[in-house]
Amino acid sequence: MADPAIDANVTPPRMEVSEEIAVQITDMNKWYGSFHVLRDINLTVHRGERIVICGPSGSGKSTLIRCINALEEHQKGRIEVDGTLLSSDLKNIDKIRSEVGMCFQHFNLFPHLTILENCTLAPIWVRKTPKKEAEQAAMHFLEKVKIPDQANKYPGQLSGGQQQRVAIARSLCMKPRIMLFDEPTSALDPEMIKEVLDTMIELAEEGMTMLCVTHEMGFAQAVANRVIFMDQGQIVEQNEPKEFFNNPKSDRTKLFLSQILGH
Amino acid sequence: MSDTHAQTVGYVRDTMIDEQPAPVGQTGAVKWIRENLFSGVINTLLTVISLYVIWVVVSHLYPWLANSIWDAGSLTECREIRDATVGPDAPAACFAVITDRWQQLVFGFYPPEHYWRPVVALLVFLAAIAPVLFQGIPRRALWLSAAAPFVLFALLWGGSIWGPVAVALGFVIGFVVYRVLLPLAGNLAAVLGAIIVPLLYWLFLAGPLAGALTSVAPIGLEYVQSKDFGGFTLSVVIGVSAIILSLPLGILLALGRQSNLFIINKISVAFIEVIRGVPLIVWLFTASLLLNYFLPPGTNFDLMLRVIIMVTLFSAAYIAEVVRGGLAALPKGQYEGASSLGLDYWQSMRLIILPQALKISIPGIVNTFIGLFKDTTLVVFIGLLDPIGLSNAIRASTDWNGVYWELFVFIGLMFFIACFSMGRYSLYLEKKLQREHR
Amino acid sequence: MSAMTDPPRPSFRLSQLIYDTRYRSITIQVVALVLLCAAFWWLIDNTVENLAVLGKDFDFGFLGDRAGYDINQMLIPYDNSMSHGRAALVGILNTMLVAFLGCVTATVIGVFAGVLRLSKNWVVSRLMAVYVEGFRNVPLLLWIVLIFALMTEATPQPRDFREGGSASMILGDSVAITNRGVFLPMPTWGDGAAVLGLVVVLSLIGAYLYRRHARKVLYDSGRLLPMVWPALAIAIVPAVVVYFAFAMSTGSAQVRLMAADATEGQSVAAYGEAQGSLSVCVPEGTIGLNVQRLLRGQDLRYSESVFATEAMAIDAFRNGDCNMVAVPAGMEQPLLGNPDIAVSALSESTTRGAPVQFEKPVLGGFNFEGGVQVRNSLLALWLALALYTGAFIAEIVRAGILAVSKGQSEAAFALGMRPNRTMNLVILPQAMRVIVPPLISQFLNLTKNSSLAIAVGYMDVRATLGGISINQTGRELEGMLLLGMFYLALSLVISGAMNIYNNRSRLKER
């Protein structure tokens, strides 16, 4: 296994997948100018599902999950999140964004606010939670990501791994029902990857619906119940992790897997 | 050690070599001079030329300064003293003009018994900007900073204190309206209400209210007319009020220029480019010659206010460019992070983007202020008495007819001290920001 | 976005104007546009009303009216009988002149000061630091006034240049620095000037082509041709050769002075004494200059009429406009055969002159005459703008050089390049990217700052169009509008050029 951070032999924890649909994407297309980034995407995510999206760079995987919370606009097709249609209506967009948490490759913490302020900002201003309550909730989640003692520091004083865990806590403070991860570990030093992945695994075990763009194949094997392979803006193959890794169907997938696992 | 053979056995050092002095001629003053001043033909030539230039300047300036006379009532008296002490035709500066007239250069025609007011105003101003410039001070102090403009106005111009109070009340009303409407009618309505209600208040209520309060409790300082302002007081008042008043407009323009709404963007660009494309002096003439054309007939207000309005618009365009630089310097992830949490445009601007962008922009804003402060000397051409205008006025008096250099030296030195120290401060800030960014 | 609304399209609701991203931006922009129009309408309405109250109208016709004031420095012919429009043009050219001179000088000063400030030489770098900080931190206006005062106070008056006076001209009696300005020699064109000019241009092109050729040879065959000396030679030698060729052949040809009612071989001095007054018809160019020198050399008083061609000068002489004429050898014939006036050659003769000669300023009655007078107002403004802007440019240059990381020159050295080549091929191209944009905005600043001409009475566009013309016609609105538009157009053109440069020189990155 290419990834030393995760023990691949751990059996995936039993996590319930309900029949309820969390995200429904039908015939979605997106263009950057005349460049067709996403082509006919169809994807249904059930509540409690953990999906790992992988693929070569430029295959549109980040764009796909950024479309889900309207950071990018799609031009064709429909996206429904938790029963809310992602349309041009601002109220719907606001609703979806407060339901969906997102972690970025470069964390995107706000450097002028302390860790605690980072975590309480959105609950206070978007959810209108009283400050006291928001702080209590924030401390709860900071404890969960194991950095409550850093609450009054600024992001710049933390290591990359810690910052990413704060970013996860910050999203959790909004009590999201779905979490999106956009390459959360690719900007980290190797020794910090594990701590972030551990946090993510813990989250998965609690039954969070997760869509995760990552190259951590160990993580995919450990927690995902579906792996999606994208290339040239299309979903090329999706399958259970075991099948996906041991018995890939498409040539593109085989090539990709051989490239990332071959060394 | 000579018996160590590299190819056979490993080598282990058992005694450490002590530090030894460098060879003679490689250290000390001689080496420094040789390396720094005479390290080649061109370098030597440069050194000689520089020393010559320094010598020429010093040999002319030194006797003039060394013989300077500080205590005399007029230029003729100065000359008599010079003839008596260092002899006729000897160069001698007559700084007596400064000791005689410095109050005028600093305060203009401000009533002498009220000189304390500009001084206190300066102190209030410094105290008010401290929370902005230094991070150690609690954020709550910013509320005092917000009140400072009204205090400064009341101090400098005087008159009944109810005028500024009534105006300030408008902002409080706006804030209250916003807070009341926000849960009732939503964000947009609250913002509109917070703009419209205070405007109506200022137009119809503020004047009578101030009048009524004044008649009930006539508190206030003696009124000082704008035309009595002069010298460095005038420069500082124009410069500081223009910068502070231009900040809100400048930020809006910067946001407008960043916006992808076509019309908003083009309006901002047009405003900024038109203002920046035309020299300040043309704008000043516009203020003095044309502003009355653009206002309802019969409106007439004093020249200083007109100048402040014009200079505010002028510096808003420059501030906008500085702030735009700050906005552009923020990584895109900050905008995305904010919107992924569900913050709307104004929330993310107010809470995330602007606090960071403005912090990056402070050095640029300080530099804009330095430029503006120097440019306030241009108001002399439309008849306001800035330091240079006052130097002409002083020269026009019979006592000091013919004094040039002493006044220039004094004015130049004052400007230099102010601008140089502000420049150093902004440089220090820039360096600090760079360190923090790493 | 259209396909996003797959479900039955809900009927349009008013709240969509605000909450639907498709309409929201349009709503905001329409509101902004309405507000803007309202503001403009208010301003224009006020203006119309105010103009009506004052009994004025809005009309640019005043530009065609007679200006009626003089301008003391003009690059194109102008006198007070010409129009306000012409006066504005004279002002515009004066603005451009001082801006151009200022930009060139400021760049030279700035580059020197910036580089020297980085010098390892302690004295030099300190001196430059003092210069930069001193000029940057004191208002430009103060510097202009100061330099102007220095020039008028510390320079001698023209009368000090008389015999026994305290002042004297410099550079071989060709330049006089006085409190009324600096008097410089003026170039005068003689035979072959056009050819000489052409040769200079061609040889500069030739030098450039040679360098390109040398580079091509280097790239193609790896042979490094000498670059500097051949290029210099190509640029200079042909011009020198042509100059001397003309000076030797046609330039040394004799020009005779012919006079009416003179005796053959009479000297000018004797003729002048006999006639009482001398008036001489000369063709334009160096002939006139040489005749002038001849007459001045003999301390003769005379009047001079200048004509475009030799034939016209001779015609004027035959009509009796002058009593003396300068005629190139071989052209006496039509004159000598004239039955009406007895024409004979005087003893003096002069030469046609070299392709370029310089007319030196000469002390006249109260002031210097001839040559070019550069007024103190121009000089002070020029110098102050150049020194002030130069200080800013020095900082830009310094920052530009420092911005190229040390690693770049180390990498070049490691590749075996010599310091000179490293500078030319690696450091400068990168530094220029950093330097040029702020440099151009400094040029823009300098041009706008040239409006401070008001402090020294230099007649720039603000002083003509935006000053005297406005005062005389009462057309503040129109005059200021035109003035503003001139500056705006100028800065838009310059910043447009800068944008093109920026786009072309941007580093290609992913």
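Quantities reported herein were computed from a predicted structural model and do not represent experimental measurements. Within every chain, residues take consecutive numbers counted from 1 along the sequence as written. Here the convention is simple: chains get letters from A, ligands get numbers from 1, in the order in which they are written. Under the rules for a predicted model, residues below a pLDDT of 70 receive no local features and side-chain atom pairs below 80 are neither given nor counted, while totals for whole chains, interfaces and linings still include all residues. Calculation of side-chain values draws on the structure's entire complement of heavy atoms; hydrogens and water are dropped beforehand.

## So, the overall build of chain B
Helix and strand counts for chain B stand at 15 helices and 2 strands. Radius of gyration: over C-alpha atoms. The globule rule applied is 2.2 Å multiplied by the number of residues raised to the 0.38 power. Scaling as 2.2 N^0.38, a compact globule of 438 residues should have a C-alpha radius of gyration of about 22 Å, whereas chain B reaches 30 Å, well beyond that. With the C-alpha coordinates aligned to their principal axes, the bounding extent of chain B is approximately 100 × 85 × 40 Å. Buried residues are those whose accessible area, probed at 1.4 Å on protein chains only, stays under 20% of the maximum for their type, while exposed residues exceed 50% and partly exposed ones sit between those limits. Relative to its full complement of 438 residues, chain B shows a buried share of 43%. Whether two residues touch is decided by their heavy atoms; if any such pair falls within 4.5 Å, the residues are in contact. Counting contacts in chain B only where the partners sit at least 6 residues apart, residues at least 24 apart contribute 73% of the total. The protein chains shown are the only cover counted for residues, whose accessible areas, like all others here, come from Shrake-Rupley with a 1.4 Å probe. Just so you have it, chain B exposes about 23,300 Å², and 70% of that area is on carbon and sulfur atoms. We score Asp and Glu as negative and Lys and Arg as positive, and we do not count His or the chain ends. Where a charge lies is defined by one atom per residue type, namely NZ (Lys), CZ (Arg), CG (Asp) and CD (Glu). Taken together, the 26 basic and 25 acidic charged side chains of chain B have centroids lying 12 Å from each other. A helix here means a DSSP run of H or I that spans at least four residues, while a strand means a run of E at least two residues long, and both kinds are numbered starting from the N terminus.

## Observations concerning the pattern of salt bridges
What makes a salt bridge here is a side-chain nitrogen of Lys or Arg within 4 Å of a carboxyl oxygen of Asp or Glu, nothing more. Inspection of the entire model under this criterion finds 32 salt bridges over all chains. With a closest N to O distance of 2.9 Å, B:Glu321 and B:Arg257 form a salt bridge. Residue B:Glu321 is found in helix H11 (residues 303-329), and its partner B:Arg257 is found in helix H8 (residues 231-258); the two are separated by 64 residues along the sequence. Given a relative accessible area of 18%, B:Glu321 falls into the buried group. When its relative accessible area of 16% is taken as the criterion, B:Arg257 is described as buried. The partner of C:Asp57 in a salt bridge is C:Arg475, and the shortest N-O contact between them spans 2.8 Å. Pair noted here: C:Asp57 is in the loop between helix H2 (21-54) and helix H3 (84-117) and C:Arg475 is in the loop between helix H15 (461-473) and helix H16 (476-505), with a separation of 418 residues, a long-range link. C:Arg475 gets classed as buried once you look at its relative accessible area, which sits at 18%.

## Examining the interface of chain C and chain A
With 11 residues of chain C at the interface, the matching set in chain A holds 14 residues. As used here, buried area is the combined drop in accessible area, with a 1.4 Å probe, of two parts when they are placed together. Regarding the contact of chain C and chain A, the summed buried area is about 1,100 Å², with carbon and sulfur atoms giving 61% of it. Counting the contacts that link chain C with chain A gives 0 salt bridges. Here a polar contact means two N or O atoms within 3.5 Å. Within protein one must be a hydrogen donor candidate and the other an acceptor candidate, and residues neighboring in sequence count only if both atoms are side-chain atoms. Counting the contacts that link chain C with chain A gives 0 residue pairs in polar contact (both at pLDDT 80 or more).

## Quick word on the packing of helix H12 (residues 332-340) of chain B against helix H13 (residues 345-375) of chain B
Residue and element names in this part refer to chain B. With their axes 10 Å apart at the nearest point, H12 and H13 run at an angle of 160 degrees to one another. Classified by the interaxial angle, the pair formed by H12 and H13 is roughly antiparallel. Between H12 and H13 lies a crossing of right-handed hand. Where H12 abuts H13, its residues Gln334, Tyr335 and Ala338 lie against Ser348, Met349, Ile352, Ile353 and Gln356. Side-chain classes follow a simple rule in which Ala, Val, Leu, Ile, Met, Phe, Trp, Tyr, Cys and Pro form the nonpolar group, Asp, Glu, Lys and Arg form the charged group, and the remainder, Gly included, forms the polar group. Here the residues of the contact of H12 with H13 sort into 5 nonpolar, 3 polar and no charged. As a rule, the C-alpha atoms of each element are fitted with a line to give its axis, helices using only the stretch in contact, and angles between N-to-C directions run from 0 to 180 degrees. Angles are sorted into four bins: roughly parallel if under 35 degrees, roughly antiparallel if over 145, roughly perpendicular if 65 to 115, and oblique for all others. Each helix crossing is assigned a hand: it is left-handed if the near helix lies turned anticlockwise from the far helix by less than a right angle, otherwise right-handed if that turn is clockwise.

## Observations regarding the sheet that holds strand S10 (residues 234-239) of chain A
Residues and elements named next belong to chain A. We call two strands paired when DSSP finds no fewer than two bridges between them. Across the sheet, which stays open at both edges, the 6 strands sit in the order S6-S7-S8-S3-S9-S10 with mixed pairing between neighbours. A single partner strand is all that each edge strand has here, and the edge strands are strand S6 (100-103) and S10. Between one strand axis and the next, the sheet turns through 20 degrees on average, direction left out of account. Sheet topology note: the S6/strand S7 (residues 178-182) ladder contains 4 bridges and is parallel.

## Brief notes about the confidence of the model for chain A
Residue and element names in this part refer to chain A. The quantity called pLDDT is the predictor's confidence in a given residue, expressed from 0 to 100. The predicted model of chain A averages 86 in pLDDT, with 93% of residues at 70 or higher. At the level of individual helices and strands, chain A shows its lowest average pLDDT in helix H2 (residues 90-99), which scores 84, and its highest in strand S8 (residues 209-213), which scores 93. Scored below 50 in pLDDT, residues 1-5 makes 10 contacts in the model with residues more than four places away or belonging to other chains. Every residue in residues 7-13 scores below 50 in pLDDT, and together they form 6 contacts with partners more than four places removed in sequence or on other chains.

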